[in-house]
Amino acid sequence: MSDNTKRGIVFGLILLIILFALGLRIDHPKSGLRNALGSASSSVAVYWHHSTVSAGEKIVVVTDKPGLDPVLAIVNNVNTDYVDIQTDEGFQRIPIEKVRGSLVMVFPFVGILLGFVGI
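In what follows, the accompanying structure is described. (Residues numbered from 1 in each chain as written. Predicted model: local features only at pLDDT ≥ 70, side-chain atom pairs only at ≥ 80, totals over all residues. Heavy atoms only, no water.)

A word on the overall build of the protein chain. Regarding its fold elements, the protein chain presents two helices and eight strands. Secondary structure elements in the protein chain, listed N-terminal to C-terminal, are α-β-β-β-β-β-β-β-β-α. Taking the principal axes of its C-alpha atoms as reference, the protein chain extends roughly 55 × 30 × 25 Å. Across the 119 residues that make up the protein chain, the buried fraction comes to 32%. Summed over all atoms, the accessible surface of the protein chain reaches about 7300 Å², with 64% contributed by carbon and sulfur. The centroid of the 10 positive side-chain charges in the protein chain is displaced by 8 Å from the centroid of its 10 negative side-chain charges. (Helix = DSSP H or I, 4+ residues; strand = E, 2+ residues; numbered from the N terminus. Buried < 20%, exposed > 50% of the residue type's maximum accessible area, 1.4 Å probe, protein only. Areas by Shrake-Rupley, 256 points an atom, 1.4 Å probe, with all protein chains shown as cover. Lys, Arg positive; Asp, Glu negative; His and termini not counted. Charge placed at Lys NZ, Arg CZ, Asp CG, Glu CD.)

Quick look at the structure:
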């Protein structure tokens, strides 16, 4: 392995550690809204970890439904104690502390591989 390759790997790891410390997270959603390339369970979601959201924002959330969490959703309404969201199952009201964060991007088809592994 060349020195440039080693430097690139080390730089990438340091960058990931810094982004993780700032709140960037990666998760494999089990349900939620579909995108143009398939279902939420066939993808991997990258999101900023926080509970401050606004209406119209796409988020990653926990609904406490066995086998369906985490969920990709869209925020319809925000109150001080709860958030109204829209998922593939319809509209739900969840406590604000169940919000994991705001969606940054989705990597389609990677979730299929993770599903085979059991993650």
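Here we take up a nonpolar patch on the surface. A cluster of nonpolar side chains, contributed by Val10, Ile14, Ile18, Leu22, Trp48, Val104, Met105, Phe107 and Val110, occupies part of the molecular surface with about 790 Å² of accessible area. Mapped by element, the contributors of at least two residues to the nonpolar patch are helix H1 (3-22) and strand E8 (99-108). Ranked by the residues each element gives to the nonpolar patch, the list is headed by H1, at four residues. Along the chain, leucine 22 falls in helix H1. The exposure class of leucine 22 is exposed, given its relative accessible area of 62%. (Patch = residues over 30% accessible without salt bridge, like charges linked within 9 Å, V, L, I, M, F, W, Y side chains within 5 Å. Salt bridge = Lys/Arg side-chain N within 4 Å of Asp/Glu carboxyl O.)

With that settled, consider the side chain of glutamine 92. One can find glutamine 92 in strand E7 (residues 90-95). Side-chain polar atoms of glutamine 92 contact the side chain of threonine 87, separated by 3.5 Å. Discounting chain neighbours no more than four positions away, the residues touching glutamine 92 are Thr63, Lys65, Val83, Asp84, Ile85 and Thr87. (Polar contact = N/O pair within 3.5 Å; in protein donor to acceptor, adjacent residues only side chain to side chain. Contact = heavy atoms within 4.5 Å.)

Before going further, it helps to spend a moment on the pairing of strand E4 (residues 58-61). Pairing of E4 with strand E5 (residues 71-78) involves four bridges; the strand directions are antiparallel. Across the sheet, valine 60 pairs through a bridge with leucine 72, a residue of E5. In terms of strand pairing, E4 meets E8 through three bridges, oriented antiparallel. In the strand pairing of E8, valine 61 is matched with valine 99. (Pairing = 2+ DSSP bridges.)

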